[in-house]
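Take a look at the letters that make up each chain.
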There are 2 protein chains.
Amino acid sequence: MSTVRGARERARIEVTAAIKDEARRRLAAEGAAKLSLRAVARELGMVSSALYRYFPSRDELLTALIIDAYDSLGAAAEEADSRALAAGAAPRDRWIAACEAVRAWALAHPHEYALVYGSPVPGYSAPADTIGPASRVGNVLIGVVRAAYEGRGLALPPLPPVLGPEAARMAADFAEDLPPAAVAALVAAWAQLAGLVSFELFGQFQGVVEERAAFFTHAAGQLAHGVGLPAV
Amino acid sequence: MSTVRGARERARIEVTAAIKDEARRRLAAEGAAKLSLRAVARELGMVSSALYRYFPSRDELLTALIIDAYDSLGAAAEEADSRALAAGAAPRDRWIAACEAVRAWALAHPHEYALVYGSPVPGYSAPADTIGPASRVGNVLIGVVRAAYEGRGLALPPLPPVLGPEAARMAADFAEDLPPAAVAALVAAWAQLAGLVSFELFGQFQGVVEERAAFFTHAAGQLAHGVGLPAV
DNA sequence: CCAAAGCAAGAGCACCGCTCTCGAAACGGA
DNA sequence: TCCGTTTCGAGAGCGGTGCTCTTGCTTTGG
């Protein structure tokens, strides 16, 4: 698969990784707005123009970091769910574990979280390369709901008629074995989860919520209820 | 009150407003990241250094825009709720109307919404001047829940014991006449509402949700249920 | 072995936030 | 009315940015 042909390709891969590492370091330290190519190059002992051999623009570098962040966040959620599953947790507890993993990752990597779920930094438009890694968290949540559905079933209110076709389409696209109402609820819960994490991370809870971990766990439990997971 | 003493103060007020207007225009056109003092000054026919007589830094200009955005958003929510109230709407419908007003404002002013609910742009720290205007949306939601509470009461699940003191504190701070469980649910719903709007605005629903207005209305209804509003 | 391709380096362009100085204008008390 | 004080716009300038182009050097592969 990834047969490295010569010293040149090897060097290219190494330098590309070094650039991303240094960029990630500066991103964590100062945020995306202050991430400068020149500073990254300086820290790596190269001149700024040399960096353009590896990334055609600052935005492309940021996009690479975004993809890595999606992957890292997705892996964290997957791992937390796997751990909960191995411990024999009920769907509701797996759900909460996944949500808490997302929150923990966000608190540990605030600027990377802002990069993926905050306001889009460049002109606009998340490139198509990001949609794959971006869905990993969603897939974890889908898996939890699927397990509950195949077990005791889901407790969901009926969908309003106007949303019927839309929910059916979403179900066909993302989880054809689940009821459309469950898929629609899942998408909403996913966005709401991000809202809870973003508010805490971006300081909106300052002076409002103090016991943030407990509050979040409670809210995640409410989200679990919202997607029909049994309370057991 | 605001007696303008001389031509100097009058000019200062006018120029300050003109700067903010032009900055808002450029913000709407290109986003906060690309808002430059020099471009604003250029468009206003002044030299960039002159602008520092009115705003000590770019961040201070952005802060002023943030405060205005909070106020504009809050006014939109208040107006929508008042209209619903005047039309004799039930609390649940007032709630949905307020949520839809927030979404509509966000869609109409995406960059300003990103400024207040997206990732914090400058170094950090929302200044203290923003907390007043920031609470207007929250107050609307509180008012709707209060009306329901004083009417038929609220249908809320019990709070986990660990959150008892925290919820009581939040209730004392923001709505002492409401049950702590309602206030806790309100805060969570507020964050979740922002999550729904942010996902739509920041492109996270691209390729996922198509019928966004209907989907949002449904999700807002679920949020209403989450804060205990009767379904009537 | 040698042409082609990849590479780092440097100079340079246009822009940025911000500071400082300077002269003109408005202000307000004597 | 005069005059010191304050406010203001303009200009030059500093250090920084993203990005481009040219210039040679090195690796590559036929």
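Bear in mind that the values here come from a model prediction, so they are computed numbers and not experimental data.

1. Focus: the overall build of chain A
Phase 1: A count of helical and extended segments in chain A gives 10 helices and zero strands.
Phase 2: Starting at the N terminus and ending at the C terminus, chain A contains elements arranged as α-α-α-α-α-α-α-α-α-α.
Phase 3: Taking the principal axes of the C-alpha coordinates as reference, chain A spans close to 60 × 50 × 40 Å.
Phase 4: Of all 232 residues assigned to chain A, the portion counted as buried reaches 47%.
Phase 5: Across chain A, the fraction of contacts at a sequence separation of at least 24, relative to all contacts at a separation of at least 6, is 74%.
Phase 6: Entry remark: accessible area of chain A is about 11,000 Å², with carbon and sulfur atoms responsible for 55%.

2. Some remarks on the protein's contact with DNA strand C
Phase 1: Every one of the 23 residues lining DNA strand C counts as a neighbour, but A:Ser49, B:Leu37, B:Arg38, B:Arg42 and B:Arg58 are closest to it.
Phase 2: One of the side-chain N or O atoms of A:Tyr54 is found 2.9 Å from a phosphate oxygen in DNA strand C.
Phase 3: Contributing elements (two or more residues each) for the surface near DNA strand C: α1 (7–30) and α3 (48–51) of chain A together with α1 (7–30), α2 (37–43) and α3 (48–51) of chain B.
Phase 4: Top element by residues in the surface near DNA strand C is α2(B). It accounts for four residues.

3. Focus on the protein's contact with DNA strand D
Phase 1: Close to DNA strand D lie 22 residues, the nearest being A:Leu37, A:Arg38, A:Arg42, B:Ser49 and B:Arg53.
Phase 2: Of what DNA strand D places within 4 Å of the protein, 46% of the atoms are sugar or phosphate.
Phase 3: In this structure, A:Tyr52 approaches DNA strand D through a side-chain N or O atom, which is 3.1 Å from a phosphate oxygen.
Phase 4: Contact between DNA strand D and B:Arg12: a phosphate oxygen at 2.9 Å from a side-chain N or O atom of the residue.
Phase 5: Elements that contribute at least two residues to the surface near DNA strand D include exactly α1, α2 (37–44) and α3 of chain A together with α1 and α3 of chain B.

4. Considering the packing of aromatic side chains
Phase 1: Counted by the stated rule, this structure contains 13 aromatic pairs over all chains.
Phase 2: Relative to B:Phe205, the ring of A:Trp190 lies with its centre 6.5 Å away and its plane at 50 degrees, an arrangement referred to as tilted. Of the two residues, A:Trp190 sits in helix α9 (residues 180–201) while B:Phe205 sits in the loop between α9 (180–201) and α10 (212–226), which places them in two different chains. When sorted by exposure, A:Trp190 lands in the same class as B:Phe205, which is buried.
Phase 3: Taken together through their ring pairs, the aromatic side chains of A:Tyr70, A:Tyr113, A:Tyr117, A:Trp190, B:Phe199, B:Phe205 and B:Phe215 make up a single cluster.

5. A closer look at the relation of the copies chain B and chain A
Phase 1: Take chain B, turn it by 180 degrees, move it 0.0 Å along the axis, and it overlays chain A with an RMSD of 0.1 Å. One copy is carried onto the other by what is essentially a two-fold rotation axis.
Phase 2: A symmetric contact is evident, with 98% of the interface residues of chain B recurring at the interface of chain A.

6. What about the pattern of salt bridges?
Phase 1: The final tally for this structure, using the stated rule, is 28 salt bridges over all chains.
Phase 2: Among the charged side chains, a salt-bridge network with shared partners connects A:Lys20, A:Asp21, A:Arg24 and A:Asp68.

7. With respect to the interface of chain B and chain A
Phase 1: Opposite the 44 residues of chain B that make contact, chain A presents 43 residues.
Phase 2: Overall, the association of chain B and chain A removes approximately 3,700 Å² of surface from exposure, summing both partners, and the carbon and sulfur fraction of that is 68%.
Phase 3: Run the count over chain B and chain A and you get zero salt bridges.
Phase 4: Looking at the side of chain B that touches chain A, the elements with two or more residues in it are α6 (110–117), α8 (164–174), α9 and α10 of chain B.
Phase 5: Counting residues per element, the side of chain B that touches chain A draws most heavily on α9(B), which supplies 10 residues.
Phase 6: Taken together, the residues of the side of chain B that touches chain A break down into 31 nonpolar, nine polar and four charged.

8. Details of the UniProt feature "DNA-binding region" (unreviewed entry) in chain A
Phase 1: Residues annotated by UniProt as "DNA-binding region" (unreviewed entry) correspond here to residues 36–55 of chain A.
Phase 2: The straight-line gap between the two end C-alpha atoms of residues 36–55 of chain A is 13 Å; of that span, 60% is helix and 0% is strand.

9. Details of the side chain of A:Glu200
All names here are of chain A.
Phase 1: Locating Glu200 in the fold gives a position in helix α9.
Phase 2: Residue Glu200 is classed as buried on the basis of its relative accessible area of 11%.
Phase 3: Contacts of Glu200, omitting those with residues within four sequence positions, involve Arg103, Leu107, Phe205 and Arg212.

10. What to know about the environment of B:Glu79
Phase 1: For B:Glu79, the location among the structural elements is in helix α4 (residues 58–86).
Phase 2: Residues B:Glu79 and B:Ala39, 40 residues apart in the sequence, show an inter-C-alpha distance of 34 Å.

11. Overview of the domain arrangement of chain A
Residue and element names in this part refer to chain A.
Phase 1: Per the domain assignment, the segments making up chain A are domain 1 (1–55) and domain 2 (67–226).
Phase 2: Measuring from the centre of the C-alpha atoms in domain 1 to the corresponding centre in domain 2 gives 31 Å.
Phase 3: Facing eight residues of domain 1, the contacting portion of domain 2 comprises five residues.
Phase 4: Both sides of the domain 1 and domain 2 interface together cover about 520 Å² of buried area, and 62% of this is carbon and sulfur.
Phase 5: On the domain 1 side of the interface with domain 2, the three residues burying the most area are Arg24, Leu27 and Ala32, jointly 65% of the side's total.

12. Observations regarding the side chain of A:Lys20
Residue and element names in this part refer to chain A.
Phase 1: Structurally, the position occupied by Lys20 is in helix α1.
Phase 2: A distance of 3.0 Å separates polar atoms of two side chains, one belonging to Lys20 and the other to Asp68.
Phase 3: With near-sequence residues (within four places) excluded, Lys20 lies in contact with Phe55, Ala64, Leu65 and Asp68.

Here is what the cut-offs are and how they apply
- Residues numbered from 1 in each chain as written.
- Chains lettered and ligands numbered in written order.
- Predicted model: local features only at pLDDT ≥ 70, side-chain atom pairs only at ≥ 80, totals over all residues.
- Heavy atoms only, no water.
- Helix = DSSP H or I, 4+ residues; strand = E, 2+ residues; numbered from the N terminus.
- Buried < 20%, exposed > 50% of the residue type's maximum accessible area, 1.4 Å probe, protein only.
- Contact = heavy atoms within 4.5 Å.
- Areas by Shrake-Rupley, 256 points an atom, 1.4 Å probe, with all protein chains shown as cover.
- Near = heavy atom within 4 Å.
- Polar contact = N/O pair within 3.5 Å; in protein donor to acceptor, adjacent residues only side chain to side chain.
- Phe/Tyr/Trp six-rings, centres within 6.5 Å; stacked < 30°, edge-to-face > 60°.
- Least-squares fit on C-alpha atoms with pLDDT ≥ 70 in both.
- Salt bridge = Lys/Arg side-chain N within 4 Å of Asp/Glu carboxyl O.
- Buried area = accessible area lost by both parts, 1.4 Å probe.
- Nonpolar A, V, L, I, M, F, W, Y, C, P; charged D, E, K, R; others polar.
- UniProt positions renumbered as here; feature names shortened; annotations may be inferred.
- Domains from an automatic or database assignment.

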